[in-house]
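Observations on the three-dimensional arrangement
Residue-level listing of the chains:
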Amino acid sequence: MGVSIRSQMQHRASFLMETVANFFASMTDILGIWILVDRFQVIQGWTLKELAIIYGIIHIGFAIGEATARSFEKFSRMIIKGDFDRLLLRPLGTLFQVASSHVQVLKAGRLLQGAIVLCWGFYELNFSLFSFHTLVILLCILGTICLFYGLFIVQATFAFWTTDTLQLMHIVTYGGRETGQFPFTIFPFGFRLFFTCVIPIATVAYYPVATLLAHESLPFWIALLAPLSGIVFLFLSTQFWKLGVRRYHSTGN
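Description of the structure in this document. (Residues numbered from 1 in each chain as written. Predicted model: local features only at pLDDT ≥ 70, side-chain atom pairs only at ≥ 80, totals over all residues. Heavy atoms only, no water.)

1. So, unusual backbone geometry
- With a phi close to 60 degrees, Asn 126 is a non-glycine residue in the positive phi region.
- Secondary-structure assignment places Asn 126 in the loop between helix 8 (108-124) and helix 9 (132-157). (Helix = DSSP H or I, 4+ residues; strand = E, 2+ residues; numbered from the N terminus.)

2. Regarding the pattern of salt bridges
- Throughout the structure, instances matching the rule amount to three salt bridges.
- For Arg 86, the salt bridge identified is with Asp 83, shortest N-O distance 3.9 Å.
- Here Arg 177 and Glu 178 are joined by a salt bridge, their closest N and O atoms 2.7 Å apart.
- According to the relative accessible area criterion, Arg 177 is buried, its value standing at 10%.
- Note on Glu 178: relative accessible area 28%, which makes it partly exposed. (Salt bridge = Lys/Arg side-chain N within 4 Å of Asp/Glu carboxyl O. Buried < 20%, exposed > 50% of the residue type's maximum accessible area, 1.4 Å probe, protein only.)

3. Considering the packing of helix 2 (residues 12-40) against helix 8
- Here helix 2 crosses helix 8 at 45 degrees, and the two axes come no closer than 7 Å. With respect to helix 8, the axis of helix 2 lies oblique. For the crossing formed where helix 2 meets helix 8, the hand is right-handed. For the pair helix 2 and helix 8, the contacting residues are Thr 19, Asn 22, Phe 23, Ser 26, Met 27, Asp 29 and Ile 30 in the first and Ala 108, Gly 109, Arg 110, Leu 112, Gln 113, Ile 116 and Val 117 in the second.
- Across the contact of helix 2 with helix 8, the residue classes break down as seven nonpolar, five polar and two charged. (Axes fitted to C-alpha atoms, helices over the stretch in contact; angles between N-to-C directions. Parallel < 35°, antiparallel > 145°, perpendicular 65-115°, else oblique. Left-handed = near helix turned anticlockwise from the far one by under 90°. Contact = heavy atoms within 4.5 Å. Nonpolar A, V, L, I, M, F, W, Y, C, P; charged D, E, K, R; others polar.)

Shape is all these values report; function is a separate question.
What follows is the structure, encoded as structure tokens:
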């Protein structure tokens, strides 16, 4: 991981420019939400400062998850070239070896942008730093990181059967990021059901925050326990990875 980070920092100007580019590229998302709220005042009863909380959680979680799971996006190349066979000969677990092989620090721009939006919403809603609200938001961020990390593991695991990474998975990774930054009440029932029970993006961020802000009439313990679904999803994704490793038969060359 240290080698990966140092290699990206060799060209400091390039690193800074790409980080800044990531920051401003992700600004288009919050600008789009701001334009909608400016035109219609609220989105299903949610104000801009309330949406900023969900937005910040999703983008911070996604930025950390994507930056640390970058090696799983490139995993299909290891399968195609036969490099995964070498990992099987080493004493450490394959999941740990793949996970630690590459860290993309360029995602710091998206992380910073999400943190700024979250802090602005936190300030505008007059939340106290040492409060139940802060605890729930921190749990939501943790759950979101685990969820997206698990999704990248699932995406990589399919390469054991398909050789190449399924681009279809981008619907639930990058598409999930776009979906998660809006109130889930704007989506059809079937869509909400999928992103609650199958891919729990709504569970790790929307429902806890909606409970805090009284947009959903759910018990407060839901706000504490719901984000843990991201950790459960990450655990299940690691079991899926182990299944893929057991079915792996090498490249044959």
